[in-house]
Number of protein chains: 2
Amino acid sequence: MRQSQLFTKSRREAPKDEESLNAQLLIRAGYVHKEMAGVYSFLPLGLRTFEKIVGIIREEMNAIGGQEVALTALQNPEIWKTTGRFDDIVVDNWFKTKLKNGSDLPLAFTHEEPMTFMMKPFIQSYRDLPKYVYQFQTKFRNETRAKSGIMRGREFMMKDLYSFSRTQSDLDAFYEQAALAYERIFERVGIGASTFKTFASGGVFSKYSHEYQTICDAGEDIIFVDESKNIAINQEVFTDEVIAALGLEKESLVRKKSIEVGNIFKLGTSFSDPLGLTYKDEDGESKPVIMGCYGIGPGRLMGTIVELLSDDKGIVWPEAIAPFRIHLLSLGADEVTDGVYRTLTEAGIETLYDDRDARAGEKFADSDLLGIPYRIVIGKRSAESGQAEVKRRTGEDVETVSITELSAYFQNR
Amino acid sequence: MRQSQLFTKSRREAPKDEESLNAQLLIRAGYVHKEMAGVYSFLPLGLRTFEKIVGIIREEMNAIGGQEVALTALQNPEIWKTTGRFDDIVVDNWFKTKLKNGSDLPLAFTHEEPMTFMMKPFIQSYRDLPKYVYQFQTKFRNETRAKSGIMRGREFMMKDLYSFSRTQSDLDAFYEQAALAYERIFERVGIGASTFKTFASGGVFSKYSHEYQTICDAGEDIIFVDESKNIAINQEVFTDEVIAALGLEKESLVRKKSIEVGNIFKLGTSFSDPLGLTYKDEDGESKPVIMGCYGIGPGRLMGTIVELLSDDKGIVWPEAIAPFRIHLLSLGADEVTDGVYRTLTEAGIETLYDDRDARAGEKFADSDLLGIPYRIVIGKRSAESGQAEVKRRTGEDVETVSITELSAYFQNR
């Protein structure tokens, strides 16, 4: 894409009311727009990165047998009354609106109830199990404070997968598969080394659950990490009993601030019982379906990556989720650089081409702020000598590459 | 995809409270789930078709220079107060909710105001124009009656593009480009021949606008069509003056029921004036940006296609948007058909494989209901003779094709 055509521009200053580093950088770089506290729109470059994260999650969910659907934000209140969660005392962050006839209409803050109810006509027999269903859907949560940028919004997208199994052991086996898929996701988006499977409270669903926590000073959680064993315990369940049950030792656990980037729950029959999601077993006996749920917020993941990897110059995107792989800068050498842009684009190498009529200093600063993995600079002199300067966003070294060999250079790495 | 793995099943009967043909068929075929009146979730096959429609619209918007963003559902009320549209008397179908502090929070029924406001930091000079920005975003509309299935929902996705131009003639030129893009979209999704550019009222935005109306008895609109000139007039502006202005003759215009599948508006400065979206001209003078907006609902398009093309056996999908291109039925010949499925899939031909343990009659009825363009049947006898039976959903003729030549047969058409 030619940067002169892109409608967004970067800015020197973030809005004064924006406290979080991730939103400050994303707004400055023109990736997101702040609609209000906790509500962010995605602009072209931000949407590209967001969709790449979504694409990676989708691939991993499909790989473990997930079938994609899209449920709604507006919800039938009767379904939520069945489990007691329609009550504002039980769930304190509902957004509710009203139909013309005055009846309450809730906006989904999660989808366990409607997903369980939706499956009823499709699950009758043990032969219909197991099934795994997921979606990328907007959740609405009435947060009192919303100061973590795109990491905790009032409106945000969640990937939520629900598993429907016949037995507890079937659930247990799938739960392990889902855990491995989650590890692949965090690895692929570039935060695998900082992200730990964390033993945590199950909240209202179950005694225990697992979270994926990324070590980061901007985090709101506290975990105790055993790096050698690649496991952690959330402060909320950090007891001698839990430490012993996990075969860990208190001395080797290090206290860290962290961000919850995913969670997996064994729901058991918490939803299938009240909503009547049952199946007929081989002997004709009716049994409740055993459920699990598995959540990741692609926006929170994006915010976490910004918090974790950015430096004092700006954002640093891992290659798999960068909006473009290459940022190509022309410094007064438009004719030669136009040709390089065409060549790279035709070779399928995603390139943002800074063809703007702007000073070199501005282009360099913008490039660092945007955080695209590779920067190629072509100036007047380098154009004459047929050489381009290639630099990684994360390094200081500048490599000189022949302009005619640029495509091959990037295709081979 | 193997149908035995798909979690949805078709049903003989639609829900009793569902009045619209499109939702009746889509629910029976397992494409959508009715959450409540006017609120439908998309299930795996339905989501595939929906996403194909989205993909076609996206390609055409990108082709005319559109840049994709994703704005939010939750809205800053102050922006809407600027244009007067926050008032429930001015806009009678708002859904509003409340923040914890008790202040009103609206759910977007459209996005002119936030889109105009969002552009302010990015448009300063004439050099920043023109720009074209679009999104696929959920709209929430508090409809009193919601009885048209997925054609008119309380929650639905809209593609809305906004153009930002320097002059009226720049807007006029882009408006014509957008109109051509819309015509390509309706052609590609299979309703081009039934869809007419229709002269209509501009509502609150402008005196006149254009709608795209698809002739269909399930429609809520009345238009007067001149088929030879490929143009129509909406009843709401069907006056002698308009007929004459368009160079038409009353006698050659035929009254038809129709569905509005898209609309394009010249907004002028209706939003840039109150929201202060201005640019500095070459002489340093500040001028309001001239805007246009261009809407298509992919869900309404999907519903319209079902209404228009279905027959008494079920849905009929045009090939470009069918969830799969081929429905492969094994009638007791699983071993041979497994191989055919692998071959077709490896050749990149999208195939739904009915490998279920079900009677032939059920498989045939299901196949007609699902509406996939080509049906391939392999039975015991045909497996032995190495032949498959190929039939189009829209035809009666059954063609015999050698099993070894099936891939080539479909790759060449």
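Going by the structure above, here's the rest.
The structure presented is a predicted model; accordingly, all values stated were derived computationally and were not measured.

A word on the overall build of chain A. Scanning chain A for helices and strands turns up 12 helices and 20 strands. Structurally, chain A occupies a C-alpha span of about 80 × 60 × 45 Å along its principal axes. The contacts in chain A between residues at least 6 apart in sequence include a share of 68% that link residues at least 24 apart.

Moving on, we get to the interface of chain B and chain A. At the junction of the two partners, chain B supplies 40 residues and chain A supplies 40 residues. Elements represented by at least two residues in the side of chain B that touches chain A include exactly strand 1 (32-36), strand 2 (39-42), helix 2 (44-63), strand 3 (67-69), strand 4 (95-98), helix 4 (112-119) and strand 6 (131-140) of chain B.

Right, let's talk about the relation of the copies chain B and chain A for a bit. The transform that puts chain B on chain A rotates by 180° and translates by 0.0 Å along the axis, for an RMSD of 0.0 Å. Classification of the inter-copy transformation places it as that of a two-fold axis. Distance from the rotation axis, computed per C-alpha, reaches its smallest value in chain B at T97 of chain B: 2.4 Å.

Residues and elements named next belong to chain A. When you tally the buried positions in helix 1 (residues 21-28), you get 6 out of 8 residues, the bulk of the element. Those residues of helix 1 lying buried are N22, A23, L25, L26, I27 and R28. In this structure, the buried residues of helix 1 make contact with strand 1 (32-36), strand 2 (39-42), helix 2 (44-63), helix 8 (298-309) and helix 10 (360-370).

All names here are of chain B. The strand order across the open sheet formed by 5 strands is 17-16-18-19-20, and the pairing between neighbours is mixed. Every other strand in the sheet has two partners, leaving strand 17 (351-354) and strand 20 (398-402) as the edge strands with one partner each. Each strand axis lies, on average, 25° off the axis of its neighbour in the sheet, ignoring direction. Its contacts with the sheet place helix 10 (residues 360-370) against strand 16 (326-331), strand 17 and strand 18 (374-379), and it is angled at close to 175° to strand 16.

Residue and element names in this part refer to chain B. One way to put it is that helix 2 packs onto helix 5 (residues 168-188) with a least axis distance of 10 Å and a crossing angle of 155°. For the element pair helix 2 / helix 5, the angle class is roughly antiparallel. The hand of the helix 2/helix 5 crossing is right-handed. Residue-level contacts link I56, I57, E60, M61 and A63 of helix 2 to A181, R184, I185 and R188 of helix 5. Residue composition of the contact of helix 2 with helix 5, by class: 6 nonpolar, no polar and 3 charged.

On to the pairing of strand 7 (residues 155-165) of chain B, then. Residue and element names in this part refer to chain B. Within strand 7, 10 of the 11 residues are buried, which leaves the element mostly enclosed by the surrounding structure. In the sheet, strand 6 pairs with strand 7 via 10 bridges, with the strands oriented antiparallel. Bridged to T138 within strand 7 is M157. Sheet topology places strand 7 next to strand 15 (residues 290-296); 7 bridges connect them, and they run antiparallel. From the neighbouring strand, L161 faces strand 15, where its bridge partner is Y294.

We now examine the sheet that holds strand 20 (residues 398-402) of chain A. Residues and elements named next belong to chain A. Spatial ordering of the open sheet is given by 17-16-18-19-20, a layout of 5 strands whose pairing is mixed. The outermost strands of the open sheet, each flanked by one partner alone, are strand 17 (351-354) and strand 20. Strand-to-strand twist of the sheet, defined as the mean angle between neighbouring strand axes without regard to direction, takes the value 25°. Bridge count for strand 16 (residues 326-331) against strand 17 is 4 bridges, and the pairing is parallel. Paired with I326 across the two strands is T351, which belongs to strand 17. Lying over the sheet, helix 9 (residues 334-346) contacts strand 16, strand 17 and strand 18 (374-379), oriented at roughly 165° with respect to strand 16. In the packing of helix 10 onto the sheet, the strands contacted are strand 16, strand 17 and strand 18, and the crossing angle to strand 16 comes to about 175°.

With that settled, the discussion passes to the packing of helix 1 of chain A against helix 8 of chain A. Residues and elements named next belong to chain A. Two elements in contact, helix 1 and helix 8, have axes separated by 8 Å at closest approach and are oriented at 95°. Judged on the interaxial angle alone, helix 8 and helix 1 are roughly perpendicular. From helix 1, L21, N22, L25 and L26 reach across to helix 8, where they touch G303, V306 and E307. A per-class count over the contact of helix 1 with helix 8 returns 4 nonpolar, 2 polar and 1 charged.

A word on the pairing of strand 8 (residues 195-201) of chain A. Residue and element names in this part refer to chain A. With 5 of 7 residues buried, strand 8 lies mostly within the body of the structure. Pairing of strand 8 with strand 9 (residues 208-215), which is carried by 7 bridges, proceeds in the antiparallel orientation. The residue of strand 9 that forms the bridge with T195 is T214. Two elements, strand 8 and strand 11 (residues 231-234), share 3 bridges in a ladder whose sense is parallel. Opposite F199, over in strand 11, you have I233 as the bridge partner.

Attention now moves to the environment of Q24 of chain A. All names here are of chain A. With respect to the helices and strands, the residue Q24 is situated in helix 1. With 256 residues separating them along the chain, Q24 and K280 place their C-alpha atoms 54 Å apart. For Q24, the contacting residues outside a window of four places in its chain are A14 and E18.

Here we take up helix 2 of chain B. The terminal C-alpha atoms of helix 2 of chain B, which comprises 20 residues, lie 28 Å apart, in line with the 28 Å expected from a rise of 1.5 Å per residue. Here helix 2 of chain B has its buried residues at L45, G46, L47, T49, F50, K52, I53, V54, I56, I57, E60 and M61 of chain B.

Right, let's talk about unusual backbone geometry for a bit. Residue and element names in this part refer to chain A. A cis geometry characterises the amide bond from L129 onward to P130, with omega recorded as -5°. Within the secondary structure, P130 sits in the loop between helix 4 (112-119) and strand 6 (131-140). Unusually for a residue other than glycine, N230 sits at a positive phi of about 60°. Inspection of the secondary structure assignment puts N230 in the loop between strand 10 (221-226) and strand 11. The exposed category is assigned to N230, around which 12 C-beta atoms lie within 10 Å.

Calculation notes
- Residues numbered from 1 in each chain as written.
- Chains lettered and ligands numbered in written order.
- Predicted model: local features only at pLDDT ≥ 70, side-chain atom pairs only at ≥ 80, totals over all residues.
- Helix = DSSP H or I, 4+ residues; strand = E, 2+ residues; numbered from the N terminus.
- Contact = placed C-beta atoms within 7 Å.
- Least-squares fit on C-alpha atoms with pLDDT ≥ 70 in both.
- Buried ≥ 20, exposed ≤ 12 C-beta atoms within 10 Å, placed from the backbone.
- Pairing = 2+ DSSP bridges.
- Axes fitted to C-alpha atoms, helices over the stretch in contact; angles between N-to-C directions.
- Parallel < 35°, antiparallel > 145°, perpendicular 65-115°, else oblique.
- Left-handed = near helix turned anticlockwise from the far one by under 90°.
- Nonpolar A, V, L, I, M, F, W, Y, C, P; charged D, E, K, R; others polar.
- Expected span 1.5 Å × (residues − 1).

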